[in-house]
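Residue-level listing of the chains:
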2 protein chains.
Amino acid sequence: MQTTSIRTLYQRTSEVQPTNLTVAGWVRTVRDSKTFGFIEVNDGTFFKSLQIVFEDTLENFKEVAKLGVGAAIIVTGDLVMTPNQKQPFELKATQIVIEGECPPEYPLQKKRHSFEYLRQIAYLRPRTNTFGAVFRVRSLAAYAIHKFFQERSFVYAHTPLITASDCEGAGEMFRVTTLDPVHPPKTENGEVDFKEDFFGKMASLTVSGQLSAETFAMAFRDVYTFGPTFRAEKSNTPRHAAEFWMIEPEIAFADLEDDMRLAEDMVKFVINYVLENAKEEMAFFNQFVDKGILERLQGVASADFGRVTYTEAVQILEKCGKKFEYPVYWGCDLQTEHERYLTEEHFKKPVFVTNYPKEIKAFYMRMNEDGKTVAAMDLLVPGIGELIGGSQREERLEVLLERMAELGLKEEDYWWYLDLRRFGGTRHAGFGLGFERLIMYLTGMTNIRDVIPFPRTTGQAEF
Amino acid sequence: MQTTSIRTLYQRTSEVQPTNLTVAGWVRTVRDSKTFGFIEVNDGTFFKSLQIVFEDTLENFKEVAKLGVGAAIIVTGDLVMTPNQKQPFELKATQIVIEGECPPEYPLQKKRHSFEYLRQIAYLRPRTNTFGAVFRVRSLAAYAIHKFFQERSFVYAHTPLITASDCEGAGEMFRVTTLDPVHPPKTENGEVDFKEDFFGKMASLTVSGQLSAETFAMAFRDVYTFGPTFRAEKSNTPRHAAEFWMIEPEIAFADLEDDMRLAEDMVKFVINYVLENAKEEMAFFNQFVDKGILERLQGVASADFGRVTYTEAVQILEKCGKKFEYPVYWGCDLQTEHERYLTEEHFKKPVFVTNYPKEIKAFYMRMNEDGKTVAAMDLLVPGIGELIGGSQREERLEVLLERMAELGLKEEDYWWYLDLRRFGGTRHAGFGLGFERLIMYLTGMTNIRDVIPFPRTTGQAEF
């Protein structure tokens, strides 16, 4: 069908031939009097709707006047500028074709619905202002991530989702299987015989693409992943989902400083891209979801991010006189309350915390000279706490082997990962960004279920 | 580290400050005589390598001369133009720091390796010319897909991977579970009690995001997915993988014609983007992997794609006088040999085959007026056969219900999908593009295992 999108009408008005144009979309509201009426129609291409004016000269005037909220229509008419009204123009209809009716039991009648209720009709919620805005921002932010890395010639690597190793040990994993659930084949010991399973061994859904990404960084130097990851944790919180998307860049010939610079540049790029390309959506969030979010994001985009070591951060927290629910001491894992105090009250801007105790970080992080801390960094941002976690990786084979032995990790499970240190290894670094957390940060939405099209959580896999 | 990428040296030579610059990368070859030597170094940012010239004035001349293939080095020196040699410039080293050695047991010594062998060391193969080129093209093609849709204001939807419904019935699925494999909880009937599983019911990995994408198209009008999909088929062929990426656009207020136009525009856009941004890689494929691929792709990018109905295509095949392995008759599913004959020998260009018998297509495809065929389309391209499969979707509730009843599909399993036809439904269409098949098409690689970083197939989930 040849139609003009409402986005084009608003953004490139002067290019639009104003007579006899056709717009197709869904009815948001209808108001009518005896001889004329107005329809707000939204076609999903733009946050704002288009006002349609129709008169009783239409042959189907009565049917149009009775249209339900949600109905699909195709309108032909002339665009009329209305500089003195709240909308810049309206479409005077010469024809309205009803493409799809919408009955009164349509759940999205014109009134406010709670986010909880809308989750139950997740297949319809993108048609609301809030979720239309959330999922458009999600789409734009995803593209901004790709644009940022591609313009720097990073190679996008599709690391595998099904994995036969739990290399990171980062959390509970889902098993992937085609075995008969009731009568699986068994070994002599009575264990399930995974040799008979699809992949010839036990397989799971990945918790991170990092180790695979490191193999690519040793070939392409600058690479990133952007794909789904999974955690089978039964935490029913507003911040946890079983399926979520992660971005994991990995850079060779690079140290922790390079890593932080990259993270800072990326966050600023994405914020600027979204502020520029989702003006209407961001204004909506600022007004209805999180007052002040625009100012906060603009501030972040122009601030120099702070730097503080973990040791200094602990001292700041110990001396600040604030009562925390979780006690602070050297060696403790920083909780969200600590992180938010640091970034919101102490630094009043995003801040990188570096050089964490090795005990609370992963085995592959590079040991610092003190033998106690590792070259890790977390980026804390106001309103959220931790947004990014990264590190320089341990490239020294002996040090890595020693650390793995300490933690009881088996060399044979990591043979190819260790080989990366044997065959032309280099200093390298990377980080992980949870994409949903970024979207929460950009929109002000506070429940992860409200930034994923069809969220998967404990007991929940609807749609 | 402050370094200059070899990509910058080649592509933006004039911007490079030629003295005292630093390049970091991996040794491809070393040749030395008593007082000087040459190193080809590749840093992964560009297909071509950089020639380093070093002399015995270097304090570590002996170590450098003995460097193994694959070693990581950091070279500082001056760029010297060499217009009369095969490379346009070389770097005269004033310092070479050895970042990471590479011993002689490194499996990628300078010689040709078979693709089969390289699959066994998939963690190293991106360092070779062929796989470096394949995975850079893969990255660029992925970005081109996003760029194409985003520039047309399509919304990118992350449809779920874990699903509790096998809606498409498109193939064998992997089960996703956290139940004890040996002693799963059971119901009174002795069946596994999936109520006790993580999601409270049996869950699987998705075979397609289409049905979810349709919900988004009914909100945003133009949307696309780009994510992993899974098939648990035990077909051990060069064309099948258990985990692969798919692109699935879905457009509302659109019919089969609009769908084909979109597919044609997208394919041409991606080809042009890759030809322009991977010149060196494409020249390599043309010379070493698939002679003539450049000409073929350029031809496709400038041809008008053909159109033929299934019924006409069957007539062409019946009359062509060629012996096929599989017989051709009205109602048969076209095999690759038929598809390739049509596109390569008959039309000699890409061709859309439309209006297939309903029996060989999915339930959601729109019934044509003849009651026998559906508004489906497959795009056939030379060298591959089917590249894209799509259709206009059945938007008429009664017709869809009738078709589902014929096929024994239960309404309650599709309640939300059917609701899309109740609440402001519109004509709409979409298609699916297997991303790996596109990469094979763009590179001339003939085994799907060679276009996926770490392929997953029956019995294979290494790395």
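Residues numbered from 1 in each chain as written. Chains lettered and ligands numbered in written order. Predicted model: local features only at pLDDT ≥ 70, side-chain atom pairs only at ≥ 80, totals over all residues. Heavy atoms only, no water.

Trainee: Mind showing me how you'd approach the relation of the copies chain B and chain A here?
Mentor: The operation relating the pair of chain copies consists of a rotation about an axis and a translation along that axis. Rotating chain B by 180 degrees about the axis while translating it 0.0 Å along that axis superimposes it on chain A, leaving an RMSD of 0.0 Å. Accordingly, the operation relating the two chain copies is best matched by a two-fold axis. When C-alpha positions in chain B are compared against the rotation axis, the closest is assigned to B:Val176, at 2.5 Å. Residue by residue, 100% of the interface of chain B is reproduced at the interface of chain A, so both copies engage with the same surface. (Least-squares fit on C-alpha atoms with pLDDT ≥ 70 in both. Contact = heavy atoms within 4.5 Å.)

Trainee: Even after reading the chapter, I still don't get the pattern of salt bridges, so can you show me in this structure?
Mentor: Two side chains carrying opposite charge are able to pair once their charged atoms lie near each other. Residues and elements named next belong to chain A. Evaluation of the coordinates by the stated rule reveals 50 salt bridges over all chains. A salt bridge links Glu257 to Arg307, with the nearest nitrogen and oxygen atoms 3.1 Å apart. With Glu257 in helix H6 (residues 256-277) and Arg307 in strand E12 (residues 306-309), the pair connects residues that are 50 residues apart, well separated along the chain. Exposure remark for Glu257: the relative accessible area of 39% places this residue in the partly exposed category. Given a relative accessible area of 36%, Arg307 falls into the partly exposed group. (Salt bridge = Lys/Arg side-chain N within 4 Å of Asp/Glu carboxyl O. Helix = DSSP H or I, 4+ residues; strand = E, 2+ residues; numbered from the N terminus. Buried < 20%, exposed > 50% of the residue type's maximum accessible area, 1.4 Å probe, protein only.)

Trainee: Can you walk me through unusual backbone geometry in this structure?
Mentor: A negative phi angle characterises most non-glycine residues, just as the trans form characterises most peptide bonds. Of note in this structure, A:Phe463 is not a glycine but carries a positive phi near 70 degrees. Looking at where A:Phe463 falls in the secondary structure, it is placed in the segment after helix H13 (435-443). Classification of A:Phe463 by relative accessible area gives buried; the value is 9%. Of note, the phi angle at B:Arg221 is positive, near 75 degrees, even though the residue is not glycine. By secondary structure assignment, the location of B:Arg221 is in the loop between helix H5 (210-220) and strand E10 (222-230). Take B:Arg221: its relative accessible area is 7%, and that puts it in the buried class.

Trainee: In this structure, what is going on with the pairing of strand E11 (residues 243-252) of chain A? I would like to understand it.
Mentor: Residues in a regular strand project their side chains so that they alternate between the two faces of the sheet. All names here are of chain A. By the criterion of burial, E11 is predominantly enclosed, with ten of the ten residues buried. By the bridge criterion, nine bridges tie strand E10 (residues 222-230) to E11 in an arrangement that is antiparallel. Looking at the pairing, Tyr224 lines up with Pro249 of E11. Pairing of E11 with strand E16 (residues 428-434), which is carried by five bridges, proceeds in the antiparallel orientation. Within the sheet, the bridge partner assigned to Ile251 lies in E16 and is Ala429. (Pairing = 2+ DSSP bridges.)

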